[in-house]
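A look at the structure
Here is what each chain is made of, one letter per residue.
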Amino acid sequence: MHTHPLPMRRWLYVMPLIFISYSLAFLDKANYSFAAAGGINRDLGITQGLSSLIGSLFFLGYFFFQIPGGILAEKTSVRKLLACSLVIWGICATATGLVHSIPLLIVIRFILGIVEAVVMPTVLILTARWFTKKERSKANTIFLLGNPVTILWMSILSGYLIDNFGWRHMFVVQGIPAIVWAAVWYLLIRDKPEEAGWLTAREKAALSDALKAEQTEKPQLLNYGQVFRSPNVLKLSGWLFFQSIGFYGFLMWLPSILHSSSITMSRTGLLTSLPYGLAVVFMLLAGWLSDRLQKRIPFIVYPILVAGCCFLALALLGINHFWVAYGLLTLAGVCMYIPFGSFFASIPDVLPSSMVGGATGMVNSIGSLGAFLGAYAVGFLNGLMQTTQASYYLMAVCLGLSALFGLWIKIPKTVNNDLPKEGMSLNFH
């Protein structure tokens, strides 16, 4: 056990790099929702149903390559892997603003999902290498804040760019930063604390001892088959699958829902930004409380139940109460963000560090399938029914199921080390 305090400089050196990289990934994931509301369908002759498919294709690429991406992130340098990914997805995102054919747009969106499939496993591996269990929910919350923070300013910027220049300029302006950032990431980040020149030998030893001590408390698994079959990993996957249907149905189509009320794209951007601004505050609070109390499940379950109730109320409310509906949408959006820090902290809580990437890949892969279904189904239902009522019912039901999976997750305070480690599964009943 380490006798020296862990270096606080990690938070200033490592987390800003992870935060910005994840933010850029989410920027290029989410800005299609503004293009869909801002003229890309009209300019390229895209029908409402096809628009739903194209918007969700990103997540299909994610689905197929999450597990290979997670295993690759464990077996290679995460520094080099993410640098390459940044360059490729920056090129794809920029190219989206230059396309003039629907097939090419479909190919680019799918490739974008493939190259960004390594992002989440990569950054979770890095946080598991640089931060202890007691710090991990805060660390994960900080980089996951890249999601709402990015959409906060992206909503305002995208609305402005589309109103004044068009959706093509939006994609080009927002795609280039990832290419530039790749060089910064490669120069500054290090795969492990032992490789960091800014840590003293004593600080490296203290951090190494703390992280090694954690691993002795976890069951040792022999292969990924055991990981993928373990009850907790399956329950985590179920939670993210159903949460993602609601979450990405909301995220991908909120601009279109608001814009359908005959407001400008600039005002749509401003209204869209509010849920994400509030989510930043509540995610930080939830991450701090989760680490302080060392409790994950309440933060994973209860906010999702509230969000599901909001969508149920929206379905029953009808379409003639804009500001009440907007308030419920805002509350639902905030509540869907609150669990993320605790949820992703729970994966390394129950897994040996050598298995975190692969397990995260599986959980995210299943979540990406939910994201694909949510993004497609909500857009399709809204176009087919010419109202949001059916999609609100869908999101309410899926979030209720997500909360149920969350209640089934078992996160132990300690693991009985007297149990035989070889061949042990992750069944913590």
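Regarding its fold elements, the chain presents 20 helices and zero strands. Counting across all 429 residues of the chain, residues that qualify as buried make up 59%. Contacts in the chain between residues far apart in sequence, at least 24 positions, make up 86% of those at least 6 positions apart. Looking at the chain as shown, the accessible area adds up to about 16,500 Å², and 69% of this sits on carbon and sulfur atoms.

Let us look at the nonpolar core. The biggest cluster of nonpolar side chains holds 127 residues, and the ones touching the most others in it are W89, W185, L251 and F311. Ranked by residues supplied to this core, first place goes to helix α14 (residues 231-259) with 13 residues. Sequence-distant contacts of W185, that is, excluding residues within four places in its chain, are made with L17, I18, S21, V78, R79, L82, A83, L86 and L126.

Take helix α8 (residues 119-130) next. An α-helical segment advances 3.6 residues per turn. Residues three or four places apart therefore align on the same side. The end-to-end C-alpha distance of α8 is 17 Å, a good match for the 16 Å that 12 residues give at a rise of 1.5 Å each. Residues V119, M120, P121, T122, V123, L124, I125, L126, T127, A128 and W130 constitute the buried set of α8.

Turning next to the side chain of E135. For E135, the location among the structural elements is in helix α9 (residues 133-144). Contact partners of E135, with chain neighbours within four places excluded, come to L6, R10, W11 and D291.

A word on empty space enclosed by the protein. By the definition in use, this model includes four cavities of 30 Å³ or more. One number sums up the size of the largest cavity: a volume of about 210 Å³. Within the residue set of the lining of the largest cavity, elements represented by two or more residues are α2 (15-30), α5 (48-75), α14, α18 (340-350) and α19 (356-385). In terms of residue count, the dominant contributor to the lining of the largest cavity is α14 (five residues). A class-by-class count of the residues in the lining of the largest cavity yields 14 nonpolar, six polar and one charged.

When the terminal C-alpha atoms of helix α7 (residues 102-115) are compared, their 20 Å separation across 14 residues agrees well with the 20 Å that a helix rising 1.5 Å per residue should span. Every buried residue of α7 is accounted for by I102, L105, I108, R109, L112, G113 and V115. Among the structural elements, α2, α3 (32-37), α4 (40-44), α5 and α6 (78-96) are those in contact with the buried residues of α7. The opening residue of α7 is S101, an N-cap whose side-chain oxygen sits 3.4 Å from the backbone nitrogen of L104.

When their charged atoms lie close together, side chains carrying opposite charge are able to pair. Under the defined criterion, the tally for this structure stands at five salt bridges. E203 is the salt-bridge partner of R9, the closest N and O atoms lying 2.3 Å from each other. A residue pair is termed long-range when its members are at least 10 positions apart, and R9 in helix α1 (residues 9-13) and E203 in helix α12 (residues 201-215) qualify at 194 residues. For E203, a relative accessible area of 17% gives the class buried. Note that D43 is salt-bridged to R42, the shortest N-O span being 3.4 Å. Overlapping salt bridges bring together K138, D291 and R296 as one network.

Looking now at the packing of aromatic side chains. If you walk through the whole model with that rule in mind, you get 27 aromatic pairs. Aromatic side chains Y160 and F165 sit 6.3 Å apart centroid to centroid with 70° between the ring planes, which places their arrangement in the edge-to-face category. Under the relative-accessibility criterion, Y160 is labelled partly exposed at 43%. Exposure remark for F165: the relative accessible area of 48% places this residue in the partly exposed category.

Bringing the environment of W89 into the picture now. Here W89 is to be found in helix α6. A C-alpha to C-alpha distance of 7.9 Å links W89 and D28, two positions 61 residues apart in sequence. Look past the residues within four positions of W89 in its chain and what remains in contact with it is S21, L24, A25, D28, L82, L112, V115, E116, V119 and A178.

Turning our attention to the environment of A315. Mapped onto the elements of the fold, A315 is located in helix α16 (residues 297-317). Owing to a relative accessible area of 2%, A315 belongs among the buried residues under this scheme. With 75 residues separating them in the primary sequence, A315 and A390 have C-alpha atoms 7.2 Å apart. Once residues lying within four places of it in the same chain are set aside, the contact partners of A315 are Q389, Y392 and Y393.

Okay, the packing of α2 against α9 next. Two numbers describe how α2 lies on α9: the axes approach to 8 Å, and their chain directions differ by 40°. Taken together, α2 and α9 sit at an angle that is classed as oblique. The segment α2 lies against α9, with M15, I18, F19 and Y22 engaging A139, I142, F143 and L144. Class assignment of the residues belonging to the contact of α2 with α9 gives a composition of eight nonpolar, no polar and no charged.

So, about a nonpolar patch on the surface. A cluster of nonpolar side chains, contributed by L274, L278, V281, F282, L285 and W288, occupies part of the molecular surface with about 540 Å² of accessible area. Looking at the secondary structure, you find L274 in helix α15 (residues 265-293).

This paragraph deals with the side chain of R10. In this structure, R10 sits in helix α1. Filtering out sequence-adjacent residues up to four positions away, R10 remains in contact with M15, W130, F131, E135, W198 and L207.

Taken residue by residue, the chain gives an average pLDDT of 82. The fraction at 70 or more is 90%. For the chain, the element scoring lowest by mean pLDDT is helix α13 (residues 224-229), at 73; helix α11 (residues 167-188) scores highest, at 93. Every residue in residues 414-429 scores below 50 in pLDDT, and together they form 36 contacts with partners more than four places removed in sequence or on other chains.

The tally for this structure, following the rule as stated, stands at zero disulfides. With no disulfide of its own, C310 has C335 as its nearest cysteine by sulfur position, at a separation of 5.9 Å. For C335, a relative accessible area of 7% gives the class buried.

How each quantity is defined
- Residues numbered from 1 in each chain as written.
- Predicted model: local features only at pLDDT ≥ 70, side-chain atom pairs only at ≥ 80, totals over all residues.
- Heavy atoms only, no water.
- Helix = DSSP H or I, 4+ residues; strand = E, 2+ residues; numbered from the N terminus.
- Buried < 20%, exposed > 50% of the residue type's maximum accessible area, 1.4 Å probe, protein only.
- Contact = heavy atoms within 4.5 Å.
- Areas by Shrake-Rupley, 256 points an atom, 1.4 Å probe, with all protein chains shown as cover.
- Core = buried A, V, L, I, M, F, W, Y, C linked by side-chain atoms within 4.5 Å.
- Expected span 1.5 Å × (residues − 1).
- 1 Å grid on protein atoms, 1.4 Å probe; cavity = no way out; pocket = protein on both sides within 12 Å on 5 of 7 lines; lining within 4 Å.
- Points joined across faces, edges and corners; volume = space filled by probe spheres on them.
- Nonpolar A, V, L, I, M, F, W, Y, C, P; charged D, E, K, R; others polar.
- Polar contact = N/O pair within 3.5 Å; in protein donor to acceptor, adjacent residues only side chain to side chain.
- Salt bridge = Lys/Arg side-chain N within 4 Å of Asp/Glu carboxyl O.
- Phe/Tyr/Trp six-rings, centres within 6.5 Å; stacked < 30°, edge-to-face > 60°.
- Axes fitted to C-alpha atoms, helices over the stretch in contact; angles between N-to-C directions.
- Parallel < 35°, antiparallel > 145°, perpendicular 65-115°, else oblique.
- Patch = residues over 30% accessible without salt bridge, like charges linked within 9 Å, V, L, I, M, F, W, Y side chains within 5 Å.
- pLDDT = per-residue confidence, 0-100.
- Disulfide = S-S within 2.5 Å.

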